[in-house]
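Now for the letters of each chain:
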Amino acid sequence: RAQQFVVAGVALFLFIPPFPSRISSDFILEPSVSSDIRAQVSGEVTGLHLRSGDYIHAGDTIAVLNNPDLQANAALLESQLAVAGSTLRQAELRNSQPDIGRASVEHSRLSTEYSIANAKVAQLTVKSPISGTFVTTGSPLHNGEYLAEGQELAHIVDRDQMRARILVRDYELEDVDVGAPVRIK
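Residues numbered from 1 in each chain as written. Predicted model: local features only at pLDDT ≥ 70, side-chain atom pairs only at ≥ 80, totals over all residues. Heavy atoms only, no water.

Brief notes about helix α3 (residues 97-122)
Since the α-helix turns once every 3.6 residues, residues separated by three or four places project in the same direction. Cut-off, in case you're wondering: Starting at the N terminus, helices and strands are each numbered in turn, a helix being any DSSP run of H or I of at least four residues and a strand any DSSP run of E of at least two. Between the first and last residue of a helix there are one fewer steps than residues, each counted as 1.5 Å, and that sum is the expected span. Summary of the burial criterion: residues with accessible area below 20% of their type's maximum are buried, those above 50% are exposed, and those between are partly exposed, where the area comes from a 1.4 Å probe applied to protein chains only. Working rule for contacts: check all heavy atoms of both residues, and any pair within 4.5 Å makes them a contact.
Look at α3: 37 Å from first C-alpha to last across 26 residues, which is about the 38 Å you get at 1.5 Å a residue. Those residues of α3 not exposed but buried are I100, A103, L110, Y114 and A117. Where the residues of α3 are buried, they touch α2 (68-94).

With respect to the pattern of salt bridges
Going by this rule: Within this document, salt bridges are pairs made up of a side-chain nitrogen of Lys or Arg and a carboxyl oxygen of Asp or Glu, the two lying within 4 Å of each other.
According to the stated counting rule, one finds seven salt bridges in the structure shown. For E106, the salt bridge identified is with R109, shortest N-O distance 2.7 Å. You can see E106 and its partner R109 sitting in helix α3, three residues apart, about one turn around the helix. Taken together, the shared-partner salt bridges in this structure form one network comprising E30, R163 and R165.

Details of the side chain of D158
To keep things clear, this is the line we draw: When charges are counted, Lys and Arg contribute as positive and Asp and Glu as negative, whereas His and the chain ends are disregarded. Polar contacts here mean pairs of N or O atoms no more than 3.5 Å apart (in protein, one a potential hydrogen donor and the other a potential acceptor; neighbouring residues in sequence count only if both atoms are side-chain atoms).
One can find D158 in strand β8 (residues 152-166). It turns out D158 is buried and unbridged, and the closest side chain with the opposite charge, R159, is 8.4 Å from it. A polar atom in the side chain of D158 sits 3.1 Å from the backbone nitrogen of D160. Discounting residues that sit within four places of it in the chain, D158 has contacts with P31, S32, V33, S131 and G132.

Below, the structure is given as structure tokens:
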């Protein structure tokens, strides 16, 4: 008799469909794409082109910085590179191998330094890496403010695609199935 109850219980358990579970939880709605904009080089803000809430396209200018030391260094390296190029050409005209070797090494060194300095000068123009809404972090920036290298300038968020982060309690995780439908209110 006990065996019949066990067999009936197992059969009943196997043939009754599972009841759908329902979990209620809070969620956080956030942009799926965002980017922190930081100053790659230090400088004074001389041109701020946006305000918080403005929409910006990828590649648009956010701000222009001024760093006279950086710009002067690039100009100095440019003139030194021109002199080194002239020295190299003169050594080649004289066909003096030792002078050509020294001038070539100097020209190559200055060319590398000038490329690096020029890249830093280009970073004085801060551009948006993504399209989205311009959001300031903390107090808004103003013309004349100084930004240190690495300092956060702004935050860009793309609100075209949003992501819901659903907070599920540990003991409810076993009731959550991958691919199960979710209803957000």
